[in-house]
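Per-entry structural report
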Amino acid sequence: MQLDLTPSTKLFVLTGAGISAESGIATFRDANGLWENHRVEEVASPEGFAASPATVWRFYAQRRAQAATVKPNPAHAALAGAERICGDNFFLATQNVDNLHEAAGSQRLIHMHGELFKTRCSDDDCTTLPFVDMRSSFAELPRCSCGALQRPHIVWFGEVPFEMLKIKRNVQACDIFVTVGSSGVVYPAAGLVREISFRKQNGESCISVYVGLERPDNADEFDHVVLGKAGEVLPTLFR
Ligand code: OAD
């Protein structure tokens, strides 16, 4: 299938781990995935960080080192190209914490699950802002000037994704909703497509498309499911 874009097309794209797979970043559900040798709660929850900040920082430091070596693929480039056509009518919400969308040229994007290359204070009352942090090794646990430990700027299990209101407003306003490479099991991201179903029931004209290797858990919510590698499908999806 092909989607016609013009400067007035309101295009919303949600990406998941699948879009970075062809760049060499393992997806979460892969057998050789990112959580290998670690229980998820151990490295991706506030409780895990409280129990062993050193384990958590070691895990994210390794991920930083690996992510620093990868490059965007044709799927990231295709989305940057779509943004060049739609301009301010383009909106990208990514569940990925890597920076490959930015590396491909995307500008209007939100990292709803945080950013691997950012760090912030672990004390929610501290006013120090999250900052860009490329460090991938630490002599000792990093601390904020307030004295509290710093933590990766990542949304962990049990925490609320960033900017959900802005994301929902853009889903409610879009003409075309595309999800790329997400298994559709982690909410609230997996529930965004339902908004398109509601809008259609109310007589609004909008369509939803899924692109990925296999049918996601929420496949039935989509108008179209295009099976294939993101790097092969996306470059010809937009016209
Ligand atoms: P998953 O690992 O759950 O799913 C990746 C999806 O990408 C699968 O459906 C694959 O079939 C598909 N896929 C793999 N290779 C692909 C390719 N080359 N082209 C297209 N699709 C491909 O990743 P997410 O759905 O992103 O949350 O996971 C959602 C969230 O779960 C993550 O953001 C993370 C995790 O827990 C947090 O860290 C909060």
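For the structure, check the block above.
All of the points below concern the structure found in this document.

What counts and how
Chains are numbered independently. Their residues run from 1 in the order of the written sequence. Residue-level local features of this predicted model are given only where pLDDT is at least 70; pairs of side-chain atoms are given and counted only at 80 or more, and the full residue set underlies all totals for whole chains, interfaces and linings. As a rule here, side-chain values come from all non-hydrogen atoms in the structure, and water together with hydrogens is ignored. Here a helix means four or more residues in a row that DSSP labels H or I, a strand means two or more in a row labelled E, and each is numbered from the N terminus. Here a polar contact is recorded for every N or O atom pair within 3.5 Å, except that within protein the pair must consist of a potential hydrogen donor and a potential acceptor, and residues adjacent in sequence are included only if both atoms are side-chain atoms. Two residues qualify as a contact provided that any one of their heavy atoms is within 4.5 Å of a heavy atom in the partner residue. Relative accessibility under 20% of the residue-type maximum defines a buried residue, over 50% an exposed one, and the middle range a partly exposed one, all with a 1.4 Å probe and only protein chains included. Working definition: the arc comes from the directions between the helix axis and the C-beta atoms, pointing outward to the latter. Only protein atoms enter the 1 Å grid, on which a cavity is a set of points fitting a 1.4 Å probe that cannot get out and a pocket is an open set with protein on both sides within 12 Å along at least 5 of 7 lines, lining residues being those with an atom within 4 Å of a point. Grid points are joined across faces, edges and corners, and a volume is the space filled by probe spheres set on the points. Lys, Arg, Asp and Glu make up the charged group, whereas Ala, Val, Leu, Ile, Met, Phe, Trp, Tyr, Cys and Pro make up the nonpolar group; the residues left over, Gly among them, are polar. Where each domain begins and ends is defined by an automated method or by a domain database. Throughout this description, the term nonpolar core refers to a set of buried Ala, Val, Leu, Ile, Met, Phe, Trp, Tyr and Cys residues connected via side-chain atoms within 4.5 Å.

1. Some words on the side chain of Thr-9
- Counting through the fold element by element, Thr-9 comes out in the segment before β1 (11-15).
- Here Thr-6 takes part through its backbone nitrogen, which lies 2.8 Å from a polar atom of the side chain of Thr-9.
- Beyond its immediate sequence surroundings of up to four residues, Thr-9 is in contact with Asp-4, Cys-86, Asn-89, Asp-175 and Ile-176.

2. Brief notes about helix α9 (residues 230-237)
- For α9, every residue scored as buried is listed here: Ala-230, Gly-231, Val-233, Leu-234 and Leu-237. Seen from one end, α9 has its buried residues packed into an arc of 165°, which puts them on one side.
- In this structure, the buried residues of α9 make contact with α1 (18-21), α5 (74-86), β7 (176-180), β8 (207-212) and β9 (224-227).

3. Re the environment of Trp-57
- By the secondary structure assignment, Trp-57 is in helix α4 (residues 53-67).
- Along the chain, Trp-57 and Ser-208 lie 151 residues apart, while their C-alpha atoms are 38 Å from each other.
- Those residues in contact with Trp-57 that sit more than four places away from it in its chain are Phe-49, Arg-64, Thr-119, Phe-138, Leu-141, Pro-142, Gln-150, Arg-151 and Pro-152.
- Within the local environment of Trp-57, its side chain forms a polar contact with the backbone oxygen of Gln-150, the two atoms lying 2.9 Å apart.

4. Concerning the layout of surface pockets
- By volume, the largest pocket amounts to about 910 Å³.
- Put simply, the parts of the chain that give the lining of the largest pocket at least two residues each are α1, α4 and β8.
- Among the elements that line the lining of the largest pocket, the one with the most residues is α1, at 3 residues.
- Partitioned by chemical class, the residues of the lining of the largest pocket number 22 nonpolar, 13 polar and 9 charged.
- When residues of the lining of the largest pocket are assigned to domains, at least three fall in each of domain 1 (11-24 + 72-113 + 161-237) and domain 2 (26-69 + 119-154).

5. Details of the nonpolar core
- Leu-11, Val-178, Leu-234 and Phe-238 are the most contacted members of the largest nonpolar core, which has 24 residues in total.
- Taken together, the elements giving at least two residues each to this core come down to β1, α5, β2 (90-94), β7, β8 and α9.
- The dominant element in this core, judged by the number of residues it contributes, is α5, at 5 residues.
- If sequence neighbours within four positions are ignored, Phe-238 has contacts with Leu-3, Leu-5, Leu-11, Ala-78, Leu-79 and Ala-82.
- Membership of the second largest hydrophobic core comes to 18 residues, among which are Phe-12, Ile-110, Leu-192 and Val-193.

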